[in-house]
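Here are the chains, one letter per residue:
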Amino acid sequence: MSYIKVTENVYAITDGSTVGNVCAFELPTQLLFVDSGMNPKIVESFRSDLEKQTGKKTTTLIITHKHADHVFGNQAFKDCRIISHRDTKQRMIEEKERWTEERLNELKKNAVDSSVYDGFEIIIPKETFETKLTIEDFDIKILVRNTGGHTTGSSFVYYPKAKAIACGDNFFEGVFPWAGDETADPEAWIAAIKEYLALDVEFVIPGHGKVCSKVELQKWLDYLEKAVILIRKMNTQGFSEKDIIKKLNELEYYPPKNEQHKELSLKRWYQVITGRS
Ligand SMILES: [Zn+2]
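Keep in mind the model is a prediction, meaning the values are calculated, not measured.

Enquirer: Can you lay out the packing of helix α7 (residues 241–250) against helix α8 (residues 259–274) for me, pointing to particular residues and giving the numbers?
Expert: Here α7 crosses α8 at 120 degrees, and the two axes come no closer than 10 Å. Considered as vectors, α7 and α8 are oriented oblique to each other. In this structure, α7 crosses over α8, and the sense of that crossing is right-handed. Across from E241, I244, I245, L248 and N249 in α7, the residues of α8 making contact are K262, E263, L266, K267 and Y270. Grouping the amino acids of the contact of α7 with α8 by side-chain chemistry returns five nonpolar, one polar and four charged.

Enquirer: Just give me the short version of the sheet that holds strand β10 (residues 155–159), but keep the residues and values in it.
Expert: In space, the five strands of this open sheet follow the order β8-β9-β10-β11-β12, with mixed pairing throughout. The sheet is open, and its two edges are formed by β8 (132–137) and β12 (203–205), each paired on a single side. With strand direction ignored, the average angle separating the axes of adjacent strands in the sheet is 15 degrees. Sheet analysis places β10 next to strand β11 (residues 164–166), joined by three bridges and oriented antiparallel. Counterpart to Y159 in the pairing with β11 is A164.

Enquirer: Any chance you could break down the sheet that holds strand β6 (residues 81–85) for me, citing the residues and the numbers?
Expert: Strand order across the open sheet formed by seven strands is β1-β2-β3-β4-β5-β6-β7, with mixed pairing between neighbours. With partners counted over all chains shown, the strands left at the sheet margins are β1 (4–7) and β7 (127–129), one partner each. Taken pair by pair, the neighbouring strands of this sheet meet at an average axis angle of 25 degrees, ignoring direction. Bridge analysis of strand β3 (residues 22–26) against strand β4 (residues 30–34) gives four bridges, and the strand direction is antiparallel. Across the sheet, C23 pairs through a bridge with V34, a residue of β4.

Enquirer: Please set out helix α1 (residues 40–54) residue by residue, giving values where relevant.
Expert: Between the first and last C-alpha of α1 there are 21 Å, a value that for 15 residues agrees with the 21 Å anticipated at 1.5 Å per step. All buried positions along α1 are accounted for by P40, I42, V43, F46, R47, L50, E51 and T54. Here the buried residues of α1 occupy an arc of 165 degrees about the axis, which is enough to place them on one side. Residues of α1 that are buried in the fold lie against β2 (10–13), β3, β4 and β5 (57–62).

Enquirer: Go over the coordination of the zinc ion, please, and point to the residues and values.
Expert: On the protein side, the zinc ion has H65 (NE2), H67 (ND1), H150 (NE2) and D169 (OD) as donor atoms, found 2.2 Å from it. Metal-centred angles of 86 to 169 degrees between the four donor atoms at the zinc ion mark the site as irregular. Coordination of the zinc ion draws on donor residues from a single chain, spaced H-x1-H-x82-H-x18-D in sequence. On the criterion of sequence distance, the pair formed by H150 in the loop between β9 (140–146) and β10 and D169 in the loop between β11 and α5 (186–198) is long-range, its members being 19 residues apart. Residue D169 is classed as buried on the basis of its relative accessible area, which comes to 3%.

Enquirer: If you had to explain the packing of aromatic side chains to someone new, which residues and values would you point to?
Expert: This model, assessed by the stated rule, comprises 19 aromatic pairs. Both rings, one in W220 and one in W269, keep their centres 6.4 Å apart while their planes meet at 45 degrees; by these two values the pair is tilted. Of this pair, W220 sits in helix α6 (residues 214–236) while W269 is found in helix α8, placing the two residues 49 residues apart along the sequence. Side by side, W220 and W269 carry an identical accessibility label, which is buried. In this structure an aromatic cluster arises from ring pairing among F176, W189, W220, Y223, Y253, Y254 and W269. The ring of W99 carries the charged tip of R103 above its face, separated from the ring centre by 3.9 Å.

Enquirer: For the nonpolar core, give the residues involved together with the corresponding values.
Expert: Core analysis: the largest hydrophobic core is formed by 35 residues, its most contacted members being I165, I193, Y196, V204, W220, Y223 and W269. Taken together, the elements giving at least two residues each to this core come down to β10, α5, α6, α7 and α8. It is α6 that contributes the most residues to this core, 10 residues altogether. If sequence neighbours within four positions are ignored, I193 has contacts with N170, L217, W220 and L221.

Enquirer: How would you summarise the pairing of β10 if you had to cite specific residues and measurements?
Expert: Side-chain direction in a regular strand flips from residue to residue, so the side chains alternate between the two faces of the sheet. Within β10, five of the five residues are buried, which leaves the element mostly enclosed by the surrounding structure. Burial along β10 is two-sided: the residues S155, V157 and Y159 and F156 and Y158 are all buried. Pairing between β9 and β10: four bridges, direction antiparallel. Among the inter-strand pairings, N146 is bridged to a residue of β10, identified as S155.

Rules used in this analysis
Residues numbered from 1 in each chain as written. Predicted model: local features only at pLDDT ≥ 70, side-chain atom pairs only at ≥ 80, totals over all residues. Heavy atoms only, no water. Axes fitted to C-alpha atoms, helices over the stretch in contact; angles between N-to-C directions. Helix = DSSP H or I, 4+ residues; strand = E, 2+ residues; numbered from the N terminus. Parallel < 35°, antiparallel > 145°, perpendicular 65-115°, else oblique. Left-handed = near helix turned anticlockwise from the far one by under 90°. Contact = heavy atoms within 4.5 Å. Nonpolar A, V, L, I, M, F, W, Y, C, P; charged D, E, K, R; others polar. Pairing = 2+ DSSP bridges. Expected span 1.5 Å × (residues − 1). Buried < 20%, exposed > 50% of the residue type's maximum accessible area, 1.4 Å probe, protein only. Arc of directions from axis to C-beta. Donors = N, O, S within 2.8 Å, 3.2 Å for Na, K, Ca; no water. Tetrahedral: all angles 85-135°; square planar, octahedral: opposite > 155°, others 65-115°. Phe/Tyr/Trp six-rings, centres within 6.5 Å; stacked < 30°, edge-to-face > 60°. Lys NZ or Arg CZ within 6 Å of the ring centre and 35° of its normal. Core = buried A, V, L, I, M, F, W, Y, C linked by side-chain atoms within 4.5 Å.

Listed below in structure tokens is the structure:
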């Protein structure tokens, strides 16, 4: 694991070692983490290294959304406030039931180092918010807001003083995102990216990939808007789902890691925009 200093008071693991990115905001009297990734061991040492380096204690973990690659390190923050949107918590409770012994064993088997899941526990957020949350520490403010997009519960965490935003999976850097969640909503997603772009931000921390600038966010927004317009237009003209998805695949954007995931994502967008499910 190697974590990077993004800017003054902002640190992150973006090398894929935790699958989903994990970031940390240093405030005047405490450390606040955003997402816990999928490797409890690495996240534990990220936390303890940073506590040693800054001489500050971690008080809070904010979860951007419910997916396993962003919450399976939660056990490293058991002693902290763990906060998410209400829907994220609700879906994590439901999902926990589905993580049978068998499925967990499969996860361990597929891990590069299965010992990272020794004593593994799924930890549900303790506190929730509805639309937004502000955390204050002396003159410093951290803003958390729910937008939806990648999932209904998807929320961003903004550190105005550092000009940094943690987007969760509403933004994947340099790759086609996973957008096939059963609650993914491309229109809410577009509104969310517009909201990020309107903020005073220099450092964009994606859910996956490297820290970048608003230029990459704008690229994602342009693509997503084109995709939604295309679906709407072709649907009005009476084209079939198959034809529409074929045309969507011709729009230029970064390729996915997994073609099937892209297919499922485009199908989800089609369903939402046309109201057919
Ligand atoms: Zn996700």
